[in-house]
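# Notes for the structure review
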Amino acid sequence: MARPRSAGYDDQREHILRQAAALFAAQGYAATSMNQVAAACGVSKAALYHYVRDKNELLVDVAEAHVLRLEAVVDEIAAQQLPPANHLRALISAFVHEYANAQNEHRVLTEDVALLAEEERARVLGVQRRVVAAFSSAVARYRPALQGADLHKPLTMLLFGMINWMFTWFRPDGPLSHEQMAPLVADLFMGGLQALQPESFSPSPHVKETTQ
């Protein structure tokens, strides 16, 4: 019979995932040992294995927990049934906040997910694609003409580029906090969407389309 979990099991496991994410982000997954994770968590290596099977499970759980949290944020905002402009602004603001509080986890997702086994990687990337699709739909709802020109998807990726790269140069002790940066990102992106003339991006009739 399996031993019952302690009252603080989930909290301790979350703590382990946070510490593992910090180590993976700082020195890379391959260079991080379970001994280092145990030391960072203040537990013995034997105790660590009470919470995770191995280092690969740590990587899977860090990446998957991060994307599932992002998807939960998307679902929470969708449930509010906001008008298109408010919906898109809420998504942008929420993701700036989420990324600010999970920079290590996001670095692991972008840099180490390729190390997962095919099934595990597909599961994580499947959630990630759903998140991107939700943003793309929000962009299309805010500016329907972009969907007709098939611009909503590449513009969504430009938005994620803004948010992702912001934390490579952003410093919390700088002139702006991430709370102030969130509406700034939203204003820049949404203002840019309104300025776009979709008809300018229609493919030339003299250019043949090619498939990759």
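Everything that follows concerns the structure shown earlier in this document.
Reference entry: report on the structure contained in this document. Quantities reported herein were computed from a predicted structural model and do not represent experimental measurements.

What counts, and at which threshold
- All residue numbers here refer to positions counted from 1 along the written sequence of the relevant chain.
- Only residues with pLDDT of at least 70 are given local features in this predicted model, and only at 80 or more are side-chain atom pairs given and counted; all residues enter the totals for whole chains, interfaces and linings.
- Side-chain figures throughout are based on the complete set of non-hydrogen atoms in the structure, without hydrogens or water.
- Here a helix means four or more residues in a row that DSSP labels H or I, a strand means two or more in a row labelled E, and each is numbered from the N terminus.
- Under the scheme applied here, a residue whose accessible area is under 20% of the maximum for its type counts as buried, over 50% as exposed, and between as partly exposed, the area being computed with a 1.4 Å probe on protein chains only.
- Note on contacts: a residue pair is in contact if any heavy atoms of the two residues lie within 4.5 Å.
- Per-residue accessibility takes into account occlusion by the displayed protein chains alone, with areas from the Shrake-Rupley method and a 1.4 Å probe.
- Charge assignment in this entry is limited to Lys and Arg as positive and Asp and Glu as negative, and neither His nor the chain termini are counted.
- Charge positions come from single atoms, namely NZ of Lys, CZ of Arg, CG of Asp or CD of Glu.
- By definition, a salt bridge exists where a carboxyl oxygen of Asp or Glu is found within 4 Å of a side-chain nitrogen of Lys or Arg.
- By convention, a stacked pair of Phe, Tyr or Trp rings (six-membered ring in the case of Trp) has centres within 6.5 Å and planes under 30 degrees apart, an edge-to-face pair has planes over 60 apart, and any other such pair is tilted.
- Throughout this description, the term charge over a ring refers to an Arg CZ or Lys NZ atom that lies within 6 Å of the ring centre and within 35 degrees of the ring normal.

What follows covers the overall build of the protein chain. Each helix and strand in the protein chain was counted, giving ten helices and zero strands. The C-alpha extent of the protein chain, read off along each of the three principal axes, is 65 × 45 × 35 Å. Taking all 212 residues of the protein chain together, 41% fall into the buried category. For the protein chain, restricting intrachain contacts to residue pairs at least 6 apart in sequence, the fraction spanning at least 24 positions comes to 70%. Total accessible area computed for the protein chain in this model is approximately 12,200 Å², and 54% of it derives from carbon and sulfur atoms. If the 19 positive side-chain charges of the protein chain are averaged to one point and the 23 negative ones to another, these points end up 2 Å apart.

As a further point, take the pattern of salt bridges. Counting across every chain of the model gives eleven salt bridges. When the shortest N-O distance is used, the salt bridge between Glu-57 and Arg-13 registers 3.6 Å. Pair noted here: Glu-57 is in helix H4 (residues 55-79) and Arg-13 is in helix H1 (residues 9-27), with a separation of 44 residues, a long-range link. The residues Glu-57 and Arg-13 share a single accessibility class, namely buried. Across the salt bridge formed by Glu-57 and Arg-53, the nearest N and O atoms sit 2.9 Å from each other. Classification of Arg-53 by relative accessible area gives exposed; the value is 56%.

Within the secondary structure, Ala-134 sits in helix H7 (residues 118-142). Counting along the chain gives 122 residues from Ala-134 to Gln-12, while the straight-line C-alpha distance between them is 32 Å. Beyond its immediate stretch of four places on either side in the chain, Ala-134 contacts Val-74 and Leu-91.

Glancing now at the packing of aromatic side chains. The full count for this structure, using the stated rule, is six aromatic pairs. Relative to Tyr-29, the ring of Phe-24 has its centre 5.1 Å away and its plane inclined at 70°; by these criteria the two rings are edge-to-face. Tyr-29 matches Phe-24 in its accessibility class, with the two residues each being buried. Every member of this aromatic cluster is reached through a ring pair, and the members are Phe-95, Tyr-99, Phe-135 and Phe-160. Sitting over the face of the ring of Tyr-29, Lys-55 holds its NZ or CZ atom 4.4 Å from the ring centroid.

Nothing here speaks to function; it is all geometry.
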